[in-house]
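Notes for the structure review
Now for the letters of each chain:
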Amino acid sequence: MHFPFQLLQTNDFDVVGFGTNAVDYLIRVPDYPAYNSKVELTDYSIATGGEIATTMFGLQKLGLKTAYVGRFGGDGPGEMGLLSLAEAGVNIAYAETMQEAKTQIAFILIDDKSGERTVIWQRDKKLAYAVDDAPIEAAVRGRVLHITPHDTQACIRLARIARDKGIIVSIDLDNMFDGIEELLSLVDICIAPAEFSEKLLGIVDKKAALSEIKSRFRCAVTGLTLGASGSIFLCQDSFIETSGFDVSGGCVDTTGAGDAFRTGFLYGMLTGETVEESAVTANAVAALKCRGHGARSGLPDKTELKMLLKKYRL
């Protein structure tokens, strides 16, 4: 099935990302600790992350042209996060350093047995964008505008302007924010974790939730990620169910798997794949990410992705 919209053939960037960046403190434990207990950690490390920054990093690694729009704190983690994008080739001309703010951080507990993680995070309010701060010039320079809704009113303004220019709007959604329903009415591609549909709609059934999102908000493509089980999408009147991939060597860490999934889906769409093929690519990128610790270390390059997809198609 072809995507039910037209992508701009050219623009300055394939994808412009507006939203979160972070520095993650990764803490590996042999077993997830019980309440009021003590556990000796296996190892710990510091790595760059954040939903939108990681997706731009992943797309750039796959050979697309990306730009990141967001705010870093004027601290060591901020320098680390900004440098990580610049070294990867992501355009950071619209990234800002807020000297009086702290960079968003997350402490992430990773269960060595399963690779599953728990995230404890904080975002400094000084990093937020008000409506008048919305970087309009950046938003219209991509074929796709990919956003997180943390600064919802700024996102609404950018999404409206982008769509007026024929730019496809994609959202990474995993929590409720004031104004989210207005924003969703301006989104072409909505991908969320399966449990989010109950938060948003009070609907547990996945197909019913996708149908309601399409009906209520008119998103052209809606999808739910299902972890290791894969994903389910609704496009036009068809449900597309795709299995997950086994991770070579087992799942090491699920941190950033959702960001990687969106990386793969946008990459597939922008390289001419169908919706079905893009869903397969999304699951493949997410699985490859899980072979490494942190949000980015396992992200594949184009050769690694092609090798996994070739095995899948044999």
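Look a little higher up for the structure.
A brief look at the structure comes next. Predicted model, so just to flag it, every value in this text is computed and none were measured. (Residues numbered from 1 in each chain as written. Predicted model: local features only at pLDDT ≥ 70, side-chain atom pairs only at ≥ 80, totals over all residues. Heavy atoms only, no water.)

**Some words on the environment of S185**
- Mapped onto the fold, S185 is located in the loop between α5 (180–184) and β11 (189–193).
- Taking the relative accessible area as the measure of exposure, S185 reaches 36% and is therefore partly exposed.
- Once residues lying within four places of it in the same chain are set aside, the contact partners of S185 are R163 and F217.
- Looking at S185, its side chain comes within polar contact range of the main-chain oxygen of E182, at 2.5 Å. (Helix = DSSP H or I, 4+ residues; strand = E, 2+ residues; numbered from the N terminus. Buried < 20%, exposed > 50% of the residue type's maximum accessible area, 1.4 Å probe, protein only. Contact = heavy atoms within 4.5 Å. Polar contact = N/O pair within 3.5 Å; in protein donor to acceptor, adjacent residues only side chain to side chain.)

**Remarks on the side chain of T222**
- Following the sequence through the fold, T222 ends up in strand β12 (residues 221–225).
- Beyond its immediate stretch of four places on either side in the chain, T222 contacts C190, L210, I213, K214, I232, F233 and L234.

**A short note on the environment of Y32**
- Along the chain, the position of Y32 falls in the loop between β2 (22–29) and β3 (43–49).
- It is 9.0 Å that separates the C-alpha atoms of Y32 and R117, two residues lying 85 residues apart in sequence.
- Excluding its chain neighbours within four sequence positions, the residues that come into contact with Y32 are L109, D111 and T118.
- Separated by 3.5 Å, the side chains of Y32 and T118 make a polar contact.

**Considerations on the sheet that holds strand β9 (residues 142–147)**
- Spatial strand order, β4-β1-β9-β10-β11-β12-β13-β14: eight strands in an open sheet with mixed pairing. Bordering the open sheet on either side are β4 (66–69) and β14 (238–242), each of which pairs with just one other strand. Here the strands of the sheet are splayed against their neighbours by 15° on average, with no regard to which way each runs.
- Inspection of the sheet shows β9 paired to strand β10 (residues 168–172) by four bridges, in the parallel sense. Following the sheet pairing, H146 is matched in β10 by S170.
- Along the sheet, helix α7 (residues 206–217) contacts β12, β13 (231–235) and β14; its crossing angle with β13, the most-contacted strand, is approximately 35°.
- Here helix α9 (residues 275–289) sits on the sheet in contact with β13 and β14, set at roughly 30° to β14. (Pairing = 2+ DSSP bridges. Axes fitted to C-alpha atoms, helices over the stretch in contact; angles between N-to-C directions.)

**As for the pattern of salt bridges**
- Using the criterion set out here, one finds 16 salt bridges in the structure.
- With its nearest N and O atoms 3.6 Å apart, the salt bridge here joins R216 to E181. Highlighted residues: R216 in helix α7 and E181 in helix α5, separated in sequence by 35 residues.
- Judged by its relative accessible area of 41%, E181 falls in the partly exposed class.
- Between E241 and K207 there is a salt bridge, with its nearest N and O atoms 3.5 Å apart. Here E241 is found in strand β14, whereas its partner K207 is found in helix α7, with 34 residues between them in sequence.
- On the accessibility criterion, K207 (37% relative accessible area) is partly exposed.
- Residues joined by salt bridges that share partners form a network here, namely R28, D43 and D112. (Salt bridge = Lys/Arg side-chain N within 4 Å of Asp/Glu carboxyl O.)

**Focus: the packing of α9 against helix α10 (residues 302–313)**
- Two elements in contact, α9 and α10, have axes separated by 10 Å at closest approach and are oriented at 120°. Here α9 is positioned oblique relative to α10, judged by the angle of their axes. In the packing of α9 onto α10, the handedness of the crossing is right-handed. Here V280, T281, A284, V285 and L288 of α9 come into contact with α10, specifically with E304, L305, L308, L309 and Y312.
- Of the residues that constitute the contact of α9 with α10, the class distribution is eight nonpolar, one polar and one charged. (Parallel < 35°, antiparallel > 145°, perpendicular 65-115°, else oblique. Left-handed = near helix turned anticlockwise from the far one by under 90°. Nonpolar A, V, L, I, M, F, W, Y, C, P; charged D, E, K, R; others polar.)

**A few points about the nonpolar core**
- With 48 residues, the main nonpolar core has Y68, I189, F265 and M269 as its most contacted residues.
- The element best represented in this core is α9, accounting for nine residues. (Core = buried A, V, L, I, M, F, W, Y, C linked by side-chain atoms within 4.5 Å.)

**Re the pairing of β11**
- Buried residues dominate β11, accounting for five of its five residues.
- Residues I189, I191 and P193 point to one face of β11 and C190 and A192 to the other, with burial holding for every one of them.
- Taken together, the three bridges between β10 and β11 define a ladder with parallel strand orientation. Residue I171 lies in a different strand from β11, and its bridge partner there is C190.

**With respect to the pairing of β13**
- Counting buried residues along β13, five of its five residues qualify, which places the element largely inside the surrounding structure.
- Relative to β13, β12 is paired through five bridges, and the arrangement is antiparallel. Within β13, the position partnered with G223 by the bridge is F233.
- In sequence, β12 turns back onto β13 through a hairpin of five residues, with G227 there showing a positive phi of about 65°.
- Two strands pair when backbone bridges link them, and β13 and β14 are joined in this way by five bridges, in the antiparallel orientation. Looking at β14, one finds that L234 is bridged to F239.

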